[in-house]
Every structure is written in structure tokens, then in C-alpha cells.
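Residue-level structure breakdown
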Amino acid sequence: MKKLNIYFTAGIPTLEDTGKIAKLIQKSGADMMEIGIPYSDPVADGPVIQDAHSLALKNGMSIKKLFEQLAEIKDSVTIPKILMGYLNPVLQFGFENFCQKCAEVGVSGLIIPDLPPIEFENKYGEILKKYNLNFTFLVTPETSEERIKYLDSLSSGFLYAVSSSSTTGNENAVLKNENYLDRLASLDLKNPVFIGFGIKNKSDFENVTEKAQGGIIGTAFVKILLDNEDWEAKGREFIKQIK
């Protein structure tokens, strides 16, 4: 079975919805979730997720608050929970302190797109290991085979393959990049490959997971949370029809 990973930004539509959304994702049949830590300058994200970050910050979301919310759902939400965020707020919180809290509240891994691999090797990898946290690096169609293998060797949990070199939710993202997906499939990587950026529906999901082990859906789900009063029913329906 191909794995479905659903991303949402913590602290939207309202500050206290994080636990409710996490439970909904689990109950609707997703295999895992990525929870975005709001940041004022989310460079890898497109307009929808940028709007979500702005709203969450306006709602008063912080790393401290997020850890409190995750502690509350630690026992009820048992599918893997991965935190995705940018390095600056994590460093302000204190990297080791952050990892320790992740371990305490049941987070299984991290994605920090702007953490350089060399820094990871020299400085942070050991701390992640100490707290038994996975760490996922991103690769794109432009990443050389040598570098894909290198980033795969540093990653654990899964390798995040960005479908195209654009921001998240880009309407024109080339989803089915055959050469790229073939190349990834042929590399005999240590980690399962999950494709992300631009997956909007069941057929997109099936397309990209023909040769990969999983797909990540973010913008399409976040849009539901931002645009609908009845986001619970719509969100549930959306995940169920993909699975």
C-alpha cells in the first residue's frame, strides 16, 4: 500500500484546532502527518501555505503552544507525526531542547528544509539520534544522483522528493516527471521515497506513487481548512477519497 502523508499548518483555522485536525487525519485513513510550524518567512511555500503561516501567527501559535497541544494528543493520535519548520525558530527555542520536547510529545521526525546537510552532519545529527528522531532531506529534479544518494544516507524515515523545482502548491508544477521518478526508483535508496508538491487529488496521488512509496499532500488540504466553514466534513471526505 502506498503511504499517504497529509500536511497542515498548526494554529489554523483557529489556534486550538491542531488536535482536532490531527485526529481527523488519523481517523480518515492517512498513514502519517506533517505538522507545519508557522514562520514569518516560509521560503519553500506557495501563497496558500504562506497565508496559513500568517494566520497561525496572528492566532498566536508558537512552538511552545504547539508542544502543549501535541502533549494532549500524544496517546490518541498514534500515526507518525512529523514536524516541518524552518531552522531559525528552532534555534531560538534551542535545538536540543526542541528535540527533547519532540521526543516527550510523541513526534517521530523532523523536516527542516533550510538546514544545510553539512551542519546536520557536524552538529545536529547526533542530537537527533539521541532523541530517536528521524530527519528527512528534500531532493528535486535538479539534484544530482550523487547528491541524492548522499542526502538519502543522511535521512531516516523517508526521502522527500519534490515533484518540481517550485514552491508548494504551484498549479504548474510538473507532477509526473517520468525521468526523475525513474531515476529515483533506479537508485536503490535506503529510505522510501515520498513525492510532494502539487498533488491535488486521487489521480495525482496514484500517478506519482506508481514508482514511489508515498505521496505528501499539503496545499490542497490546507486550502480546505482555510476556505470552508465545514472543514471537518470536507477534510474527511478529501482524505477518504484519496485513500
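Residues numbered from 1 in each chain as written. Predicted model: local features only at pLDDT ≥ 70, side-chain atom pairs only at ≥ 80, totals over all residues. Heavy atoms only, no water.

1. Some points on the sheet that holds strand β7 (residues 159–162)
Where strands meet in a sheet, backbone hydrogen bonds hold them as pairs that are either parallel or antiparallel. This is how the line gets drawn: Strand pairing is defined by DSSP finding a minimum of two bridges between the two strands. Numbering of helices and strands runs from the N terminus; a helix is a DSSP stretch of H or I covering at least four residues, while a strand is a stretch of E covering at least two. Whether two residues are in contact is decided by their heavy atoms, any of which lying within 4.5 Å being enough. Lines fitted to C-alpha atoms define the axes here, with helix axes fitted over just the stretch in contact, and angles between the N-to-C directions of these axes take values from 0 to 180 degrees.
With parallel pairing, the nine strands of this open sheet are ordered in space as β5-β4-β3-β2-β1-β9-β8-β7-β6. With one partner strand each, in any of the chains shown, β5 (134–135) and β6 (138–139) form the two edges of the open sheet. Of the strand pairs in this sheet, strand β4 (residues 109–111) and β5 are connected by two bridges, and their pairing is parallel. Residue pairing in the sheet places G109 in a bridge with N134 of β5. Packed onto the sheet, helix α1 (residues 18–27) meets β1 (3–9) and β2 (32–36) and runs at close to 165° relative to β1.

2. Notes on the pairing of β2
Using the following cut-off: Burial here depends on accessible area, computed with a 1.4 Å probe over protein chains only, as a share of the maximum for the residue type. Under 20% is buried, over 50% is exposed, and the range in between is partly exposed. Seen with its strands pointing away from the viewer, a crossover is right-handed if its path from the first strand over the helix to the second goes clockwise.
Taken across its five residues, β2 has five buried, putting it largely inside the fold. Burial of β2 is two-sided: the residues M32, E34 and G36 facing one way and the residues M33 and I35 facing the other way are all buried. Bridging between β1 and β2 involves five bridges; their strand directions are parallel. Bridging across to β2, F8 finds its partner in I35. Chirality of the crossover, the property in question, places the unit of β1, α1 and β2 among those that are right-handed.

3. Side note on the packing of helix α10 (residues 219–227) against helix α11 (residues 231–242)
Filter applied, for reference: With respect to orientation, any angle under 35 degrees is reported as roughly parallel, any angle over 145 as roughly antiparallel, any angle of 65 to 115 as roughly perpendicular, and every other angle as oblique. Helix crossings get a hand from a simple test, with the near helix turned counterclockwise from the far one by less than a right angle marking a left-handed crossing and a clockwise turn marking a right-handed one. Polarity classes work like this: nonpolar for Ala, Val, Leu, Ile, Met, Phe, Trp, Tyr, Cys and Pro, charged for Asp, Glu, Lys and Arg, and polar for all others, with Gly in that last group.
The geometry of α10 relative to α11 is characterised by a closest axis approach of 8 Å and an angle of 160° between their N-to-C directions. The orientation of α10 with respect to α11, classified from their angle, is roughly antiparallel. The two elements α10 and α11 cross, and the hand of that crossing is right-handed. Taken together, the residues of α11 that come into contact with α10 (itself represented by A220, F221, I224 and L225) are W231, K234, G235, F238 and I239. In the contact of α10 with α11, the residues fall into seven nonpolar, one polar and one charged.

4. Points about the packing of helix α2 (residues 47–59) against α10
Where α2 meets α10, the axes come as close as 9 Å, and the angle between the chain directions of the two elements is 45°. Between α2 and α10, the angle is such that the two are oblique. Note that α2 runs across α10; the crossing there is left-handed. Seen from α2, the contacting residues are V48, I49, D51, A52 and L55; seen from α10, they are T219, V222, K223 and L226. Of the residues contributing to the contact of α2 with α10, the split by class is six nonpolar, one polar and two charged.

5. A word on the pattern of salt bridges
To keep things clear, this is the line we draw: Salt bridge criterion: a side-chain nitrogen from Lys or Arg within 4 Å of a carboxyl oxygen from Asp or Glu.
Counted according to the given criterion, the structure contains eleven salt bridges. Linking E16 and K65 is a salt bridge whose minimum nitrogen-to-oxygen distance equals 2.9 Å. Here E16 is found in the loop between β1 and α1, whereas its partner K65 is found in helix α3 (residues 63–73), with 49 residues between them in sequence. Residue classification places K65 among the buried positions, given a relative accessible area of 19%. Between E126 and K129 there is a salt bridge, with its nearest N and O atoms 3.7 Å apart. Here the residue E126 and the residue K129 both occupy positions in helix α6 (residues 117–130), the gap between them amounting to three residues, near one helical turn. Assigned by exposure class, E126 and K129 land together as exposed.

6. Section: the UniProt feature "active site" (unreviewed entry) in the protein chain
Definition in use: UniProt positions are given in the numbering used here, feature names are shortened, and annotations may be inferred rather than shown by experiment.
The feature "active site" (unreviewed entry), as annotated in UniProt, sits at E34 and D45 in this numbering. With respect to the helices, strands and loops of the structure, E34 is situated in strand β2. In this structure E34 touches N5, I6, Y7, F8, I82, M84, I111, F158, Y160 and I216, once residues within four positions along its chain are discounted. When you line up the elements, D45 lands in the loop between β2 and α2.

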